[in-house]
Amino acid sequence: MAASPGRRRRWEREQARLKASVVEEDTEEWQKDARFAGLERVGGVDLSYIKGDDSRACASLVVLSFPALERSRSCLCLPQVLYQDCRMVAVSAPYVAGFLAFREVPFLVEAVQRLQQEEPQLQPQVLLVDGNGLLHPRGFGTACHLGVLTDLPCIGVAKNLLQVDGLVRDELHREQVRSLQRSGETFPLTGTSGKVLGMVLRSCNNSSKPLYISVGHRVSLDTAVRLVRACCRFRIPEPIRQADIRSREYLRKQPCAPLEGLEALPASPESGKKEAELED
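Structural notes, computed from the coordinates. Along each chain, residues carry numbers from 1 onward, in the same order as the chain's sequence is written. Given that this is a predicted model, residues contribute local features only at a pLDDT of at least 70 and side-chain atom pairs are listed and counted only at 80 or more, while totals for whole chains, interfaces and linings are drawn from all residues. Here the side-chain values reflect all heavy atoms present in the structure, with hydrogen atoms and water set aside.

On to the overall build of the protein, then. Helix and strand counts for the protein come out as seven helices and eight strands. Taken over C-alpha atoms, the radius of gyration is set against a globule rule of 2.2 Å times the number of residues to the power 0.38. For a compact globule of 280 residues, the expected C-alpha radius of gyration is about 19 Å, and the protein comes in at 18 Å, within 12% of that figure. Counting only C-alpha atoms, the protein reaches 50 × 50 × 35 Å along its principal axes. For each residue, the accessible area found with a 1.4 Å probe, counting protein chains only, is set against the maximum for its type, and the residue is called buried under 20%, exposed over 50%, and partly exposed in between. Out of the 280 residues belonging to the protein, those deemed buried represent 56%. Within the protein, counting contacts between residues at least 6 apart in sequence, those at least 24 apart form 69% of the total. What sets the accessible areas is the Shrake-Rupley method with a 1.4 Å probe; for residues, cover comes only from the shown protein chains. When the accessible surface of the protein is split by element, carbon and sulfur atoms take 47% of a total near 12200 Å². The convention is simple: Lys and Arg are positive, Asp and Glu are negative, and His and the chain ends are not counted. Every charge is mapped to an atom, namely NZ of Lys, CZ of Arg, CG of Asp or CD of Glu. In the protein, 38 side chains carry a positive charge and 36 a negative one; their mean positions are 3 Å apart. Here a strand is any run of E in DSSP of at least two residues, a helix any run of H or I of at least four, and the numbering for each starts at the N terminus. Contacts between residues were defined by any pair of non-hydrogen atoms, one from each residue, lying within 4.5 Å.

Quick look at the side chain of arginine 87 now. Mapping arginine 87 onto the fold places it in strand E3 (residues 81-90). In protein, a polar contact requires one atom able to donate a hydrogen and another able to accept it; more generally it is a pair of N or O atoms within 3.5 Å, and residues adjacent in sequence count only if both atoms are side-chain atoms. At 3.3 Å, the side chain of arginine 87 and the side chain of aspartate 85 are in polar contact.

If DSSP finds at least two bridges between two strands, the strands pair. Read from one edge of the open sheet, eight strands run E3-E2-E1-E4-E5-E8-E7-E6, paired in mixed fashion. The sheet is open, and its two borders are formed by E3 and strand E6 (186-190), each paired with just one other strand. Adjacent strand axes in the sheet meet at a mean angle of 25 degrees when their direction is disregarded. In this sheet, strand E2 (residues 53-65) lies alongside strand E1 (residues 41-50) in antiparallel orientation, the contact comprising 10 bridges. Considered in E2, the bridge of valine 42 is made with leucine 64. For helices, the fitted line uses only the C-alpha atoms of the stretch in contact; every axis is such a line through C-alpha atoms, and the angle between N-to-C directions lies from 0 to 180 degrees. Against the sheet, helix H7 (residues 238-253) engages E1, E2, E3, strand E4 (126-130) and strand E5 (154-158), with an angle of about 35 degrees to E1.

Salt bridges, as used here, are contacts in which a Lys or Arg side-chain nitrogen is within 4 Å of a carboxyl oxygen on Asp or Glu. Counting across every chain of the model gives 15 salt bridges. Between aspartate 85 and arginine 87 there is a salt bridge whose closest N-O contact spans 3.3 Å.

With that out of the way, let us pick up unusual backbone geometry. Across the chain, the bulk of peptide bonds are trans and the bulk of non-glycine residues have phi less than zero. For aspartate 151, which is not glycine, the phi torsion reads 55 degrees and is therefore positive. In this structure, aspartate 151 sits in the loop between helix H4 (142-150) and E5. The partly exposed category is assigned to aspartate 151, whose relative accessible area is 45%. In this structure, arginine 218 is a non-glycine residue whose phi angle is positive, near 55 degrees. Relative to the helices and strands, arginine 218 is located in the loop between strand E8 (211-217) and helix H6 (221-230).

The next thing to look at is the nonpolar core. Residues belong to a common nonpolar core when they are buried Ala, Val, Leu, Ile, Met, Phe, Trp, Tyr or Cys residues joined through side-chain atoms within 4.5 Å. In terms of nonpolar packing, the biggest core is built from 33 residues, with Phe66, Leu128, Ile155, Ile213, Leu227 and Val228 touching the most fellow members. Of all the elements in the fold, those that place two or more residues in this core are helix H2 (66-75), E4, H4, E5, strand E7 (196-201), E8 and H6. Examining the composition of this core, we find that six residues originate from one element, H6, more than from any other. The contact partners of isoleucine 213, leaving out residues within four places of it in the chain, are Ile155, Gly156, Val157, Gly198, Met199, Leu201, Leu221, Ala224, Val225 and Val228. Counting residues in each nonpolar core, the second largest holds 25 residues, with Leu47, Ala101, Leu108 and Leu152 among its members.

In this section: the pairing of E1. Most of E1 is tucked away, with 10 of its 10 residues classed as buried. In this structure, the hairpin formed by E1 and E2 is closed by a connection of two residues, where glycine 52 is found at a positive phi of approximately 85 degrees. Where E1 and E4 come together, four bridges link them in parallel fashion. Counted as the bridge partner of valine 42 is valine 126 from E4.

On to the packing of aromatic side chains, then. Planes of paired rings set the category: under 30 degrees apart is stacked, over 60 is edge-to-face and the rest tilted, where pairs are Phe, Tyr or Trp rings (Trp by its six-membered ring) whose centres lie within 6.5 Å. Applying the stated criterion across every chain, the model contains five aromatic pairs. Aromatic pair tryptophan 11 and phenylalanine 99: ring centres 5.5 Å apart, planes at 40 degrees, arrangement tilted. Taken together, the positions of tryptophan 11 in helix H1 (residues 5-19) and phenylalanine 99 in the loop between E3 and helix H3 (100-118) put the pair 88 residues apart, joining distant regions of the chain. Judged by centre distance (4.9 Å) and plane angle (10 degrees), the rings of tryptophan 11 and phenylalanine 102 are stacked. Here tryptophan 11, found in helix H1, pairs with phenylalanine 102, found in helix H3; they are 91 residues apart in sequence, far enough to count as distant. Like tryptophan 11, the residue phenylalanine 102 is buried in the burial classification. In this structure an aromatic cluster arises from ring pairing among Trp11, Phe99 and Phe102.

Turning our eyes to something else, we now look at H3. Along an α-helix, residues three or four positions apart point the same way, because every turn accommodates 3.6 residues. Compared with an ideal rise of 1.5 Å per residue, which puts 19 residues at 27 Å, H3 spans 28 Å between its outermost C-alpha atoms and is within 8% of the ideal. The quantity called bend is, for any residue, the angle between two axes fitted respectively to the seven residues ending at it and the seven beginning at it. The largest bend in H3 is about 30 degrees, located at proline 106. Here the expected length of a helix is defined as 1.5 Å per residue gap, with one fewer gap than residues.

Next comes the structure, spelled out in structure tokens:
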């Protein structure tokens, strides 16, 4: 199913309207602390699709304890999951490159709202999103969209480079990626416009494949990169990784689950139609 030209124009207008509300700087006290003192809860979101059926998916939200996550990085123990919500959803909006948020974000907003109503004390202080933020053709990717609609700090974490504003996966880019020798090393993604759209981060020593970090909402790029690095036990930051694991497991255990009101259990995404695909 393709989106009509009229629908695409409406989506573009909506992105432009919402983009005016994006805050590209730190707004919370914990963001200004070198060790994120005061940060207790970090959320991750993801949608996983049934293989061969892009109209049925599992929307997943998890909230992890950040202090426990920091400890788990050094002792190899499991992260502490404070909250999880996995539900089957019927996806009706078509996939259109650059407009993924209109297909997926409504379900993620609903997940956040359920948490706020049922367990408000567990609301995440920041959300990590499997996708892009300002690193987007119109500067308003999934992480920006979710951040503005929930008014939560959001960070975009993508596996692949979205080629916008003159950014390309050419030999120079590959050479820069190869120059990242150790965990925590970065280089900026500067478009031909001169704007820094994101950062390339080597998130762990065991994988030379980088992550592409961008601002979603209510966070600076520097803080976004530091926090993603602090959340990585493996290549993918743990909040997104856990949302992915739980949504995939949910799909495996509930292959014929109805499309309404199903809750929790674990799993991760099968869809290749994402601005940034997820990889363990």
